[in-house]
Amino acid sequence: MTRNKVITFGEIMLRLSTPGHSRFSQAECFNATYGGGEANVAVSLAHFGVPAGHVTRFPDHEVGHAAALLLRKYGVDTSHIVYGGPRIGIYFLETGASVRPSKVVYDRAGSSFEHIQPGMLNWEQIFADASHFHWTGITPAISQGAADTCLEAIKTANRMGITVSGDLNYRKNLWQYGKKASEVMPELAAGCDLLFASRSDMEEILGGPVQDTEADRFVNTCKEMTRRCPRAQKIVNTRRSSVSASHNTLHAMLWDGEKLIKTGIQEINPIIDRIGGGDAFVAGYLYALRHYHTDKDVLEFALAASVLKHSIPGDANLVTAAEVEPIMRGETGGKLSR
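Residues numbered from 1 in each chain as written. Predicted model: local features only at pLDDT ≥ 70, side-chain atom pairs only at ≥ 80, totals over all residues. Heavy atoms only, no water.

Asks: I'm lost on the nonpolar core in this one. Help?
Replies: Soluble globular proteins tend to bury their nonpolar side chains together. Counting 56 residues, the largest nonpolar core has Leu45, Phe48, Tyr285, Leu286 and Phe301 as the members making the most contacts within it. In terms of residues, this core owes the most to one element, helix H10 (residues 295-309), which gives nine residues. Apart from residues lying up to four places away in sequence, Leu286 is in contact with Val6, Val41, Leu45, His132, Ser165, Leu194 and Phe196. (Core = buried A, V, L, I, M, F, W, Y, C linked by side-chain atoms within 4.5 Å. Buried < 20%, exposed > 50% of the residue type's maximum accessible area, 1.4 Å probe, protein only. Helix = DSSP H or I, 4+ residues; strand = E, 2+ residues; numbered from the N terminus. Contact = heavy atoms within 4.5 Å.)

Below you can see the structure in the form of C-alpha cells.
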C-alpha cells in the first residue's frame, strides 16, 4: 500500500456569515457553510491533488452528515469520521471593511467534538496509507478529551514513522476547561517534526518570553523551542501587517535550526475573506514540500497560496497549484484567463 495521504484532525463548525459586509444587527439572514482550521488544510491539499483525509466527530443527524458531505464534495476522505454527541459547533462572522475589523462570535460549547475521547478512533487504521499527520493548537484547547485524543494520534504517528506537523495556533479564549496551554501543549509539540508558530504562540507554550540578548526575538524563541522539542526540524511563520480590514501585507519566514529564511512581502488588497488564510499557507507549504527543492521556494509557494485564499469567500482555499504558481512568480495583476 502506498503511504502518501495527509491526515488532518480537528473540529469542523457551521459558519454563519452576515451577507456582504452587513453588521450582525443588520442581518436578516446568514450565509451557511462549514469550516475548521485542520479541515481547511485537507480541502486545500485535495485541490492541489494531494490525497487528504479529515478525522473529526459530528452529531449523527442531518447537519453533521451535511458537513461530511461538503468535505467529500471537495475530494477529502471522510471514511474515518465518527458520529455521536449532541450538536455541531457554530461560529458567526461579520466581515469588516475599511477601518472596521471583522468580528467572530463562537457558539461551540458542548459540541460533539468537545466530548471526543481517546479510544474512539483507530489511529493505526487511519494512518495505514498516510505519510503525514497535521493538527492545530485549537484542538487541545477545546477539552481534555480532545487534547488526549490528539496526543494519542501524535504518539501513534511517531511510532508508525509518519511525519507530524502542528500549527500551534494559540487561542486564549478557548482554554476554558481548567488547563493552561503551557501545561498541555509542550508534550504535543514535542512529537512534531515541523511546527507552524508565531513568536507569541511559542511564548505561551514555553510559559513566557525567552530572556536573551538576541536582537531577533523570533529567532531566539525558535532556538528555545527546538531545544525543548528537538524533534522539530523547522519552525515556520507568517507575519501580517494591517493597513485596513480590506488591505493587508503578508510575508513568511522559516527557522531551519541555523538561519532565518524570509520571503518577500505580498500586498493583499482588497481582501474578500481572510478566514482560513493561515490554513491555506499550511496546505501550500505541505504541498510544496513534495514539489520544490529549496526552503525559499517552498515558503514562496505557501505564501502565494495564502494570498490567493484572501480573494475567495468561505473558509477553504479552492484553488489549484497551477493557479498559485503565477502569484508565486509575482503575476498579481489578475489578468483575464481564457
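Asks: Any chance you could explain the pairing of strand S1 (residues 5-9) here in plain terms?
Replies: Counting buried residues in S1 gives five out of five residues, a clear majority hidden from the surface. Alignment of S1 against strand S9 (residues 130-136), held across four bridges, turns out to be parallel. Looking across to S9, one finds that Ile7 is bridged to Phe133. Bridge analysis of S1 against strand S4 (residues 52-55) gives four bridges, and the strand direction is parallel. For Val6, the partnering residue across the bridge sits in S4 and is Ala52. (Pairing = 2+ DSSP bridges.)

Asks: Please clarify how the sheet that holds strand S3 (residues 31-35) should be interpreted in this entry.
Replies: Two strands in a sheet stick together by hydrogen bonds in their backbones, pointing the same way (parallel) or opposite ways (antiparallel). Strand order in this open sheet of four strands is S3-S2-S7-S8, and the pairing throughout is mixed. Looking at strand neighbours, the two that pair on one side only are S3 and strand S8 (103-107), the edges of this open sheet. Shown here is a sheet whose adjacent strand axes are inclined to one another by a mean of 25°, direction ignored. In this sheet, S8 lies alongside strand S7 (residues 90-94) in antiparallel orientation, the contact comprising five bridges. (Axes fitted to C-alpha atoms, helices over the stretch in contact; angles between N-to-C directions.)

Asks: I'm lost on the environment of Phe24 in this one. Help?
Replies: Within the element layout of this structure, Phe24 appears in the loop between strand S2 (13-17) and S3. Separated by 79 residues in the primary sequence, Phe24 and Lys103 have C-alpha atoms spaced 9.3 Å apart.

Asks: What should I look at first to understand the packing of helix H7 (residues 199-206) against helix H8 (residues 217-228) in this one?
Replies: Each packed pair of helices is defined by two parameters, the angle between the axes and the distance between the axes. As a packed pair, H7 and H8 sit with axes 10 Å apart at the nearest point and diverge in direction by 40°. In terms of axis orientation, H7 runs oblique to H8. As for the relative orientation of H7 and H8, their crossing is left-handed in sense. Of the residues in H8, those touching H7 at Arg199, Met202, Glu203, Ile205 and Leu206 are Arg217, Phe218, Thr221, Cys222, Glu224, Met225 and Arg228. For the contact of H7 with H8, the class distribution of residues is six nonpolar, one polar and five charged. (Parallel < 35°, antiparallel > 145°, perpendicular 65-115°, else oblique. Left-handed = near helix turned anticlockwise from the far one by under 90°. Nonpolar A, V, L, I, M, F, W, Y, C, P; charged D, E, K, R; others polar.)

Asks: I tried to follow the environment of Ala32 on my own but got confused; where do I start?
Replies: Within the secondary structure, Ala32 is located in strand S3. For the pair Ala32 and Leu16, spaced 16 residues apart in sequence, the C-alpha separation works out to 4.8 Å.

Asks: Would you take a moment to explain empty space enclosed by the protein for this structure?
Replies: Per the counting criterion, the structure on display carries one cavity of 30 Å³ or more. Roughly 40 Å³ of volume is contained in the largest cavity. Lining the largest cavity are Glu11, Ile12, Thr56, Arg57, Phe58, Arg87, Ile88, Gly89, Ser111, Ser112 and Phe113. Residue classes in the lining of the largest cavity are distributed as four nonpolar, four polar and three charged. (1 Å grid on protein atoms, 1.4 Å probe; cavity = no way out; pocket = protein on both sides within 12 Å on 5 of 7 lines; lining within 4 Å. Points joined across faces, edges and corners; volume = space filled by probe spheres on them.)

Asks: Can you help me understand the pattern of salt bridges in this one?
Replies: As a working rule, side chains carrying opposite charge can pair if their charged atoms are close by. Under the counting rule described, the total for this entry stands at 19 salt bridges. Between Lys5 and Asp77 there is a salt bridge, with its nearest N and O atoms 2.8 Å apart. On the criterion of sequence distance, the pair formed by Lys5 in strand S1 and Asp77 in the loop between helix H2 (62-73) and strand S6 (82-83) is long-range, its members being 72 residues apart. The buried category is assigned to Lys5, whose relative accessible area is 12%. Linking Glu124 and Arg159 is a salt bridge whose minimum nitrogen-to-oxygen distance equals 3.1 Å. Taken together, the residues span a long stretch of sequence, with Glu124 in helix H3 (residues 123-126) and Arg159 in helix H5 (residues 144-159) at a distance of 35 residues. (Salt bridge = Lys/Arg side-chain N within 4 Å of Asp/Glu carboxyl O.)

Asks: I tried to follow the side chain of Glu11 on my own but got confused; where do I start?
Replies: Relative to the helices and strands, Glu11 is located in the loop between S1 and S2. Residue Glu11 is classed as buried on the basis of its relative accessible area of 5%. In this structure the side chain of Glu11 is engaged in a polar contact, spanning 2.9 Å, whose partner is the side chain of Arg108. Side-chain polar atoms of Glu11 contact the side chain of Ser111, separated by 2.7 Å. (Polar contact = N/O pair within 3.5 Å; in protein donor to acceptor, adjacent residues only side chain to side chain.)

Asks: Quick question: what am I supposed to make of H2 here?
Replies: Count 3.6 residues to each turn of an α-helix, and residues three or four apart come out pointing the same way. Under the 1.5 Å per step criterion, the end-to-end length of H2 is 16 Å for 12 residues, consistent within 8% with the ideal 16 Å. For H2, the complete set of buried residues consists of Gly64, Ala67, Ala68, Leu70 and Leu71. Projected down its long axis, H2 shows its buried positions confined to an angular sector of 150°, all on one face. Across H2 from its buried face, at more than 90 degrees, point the exposed residues Glu62, Leu69 and Lys73. (Expected span 1.5 Å × (residues − 1). Arc of directions from axis to C-beta.)

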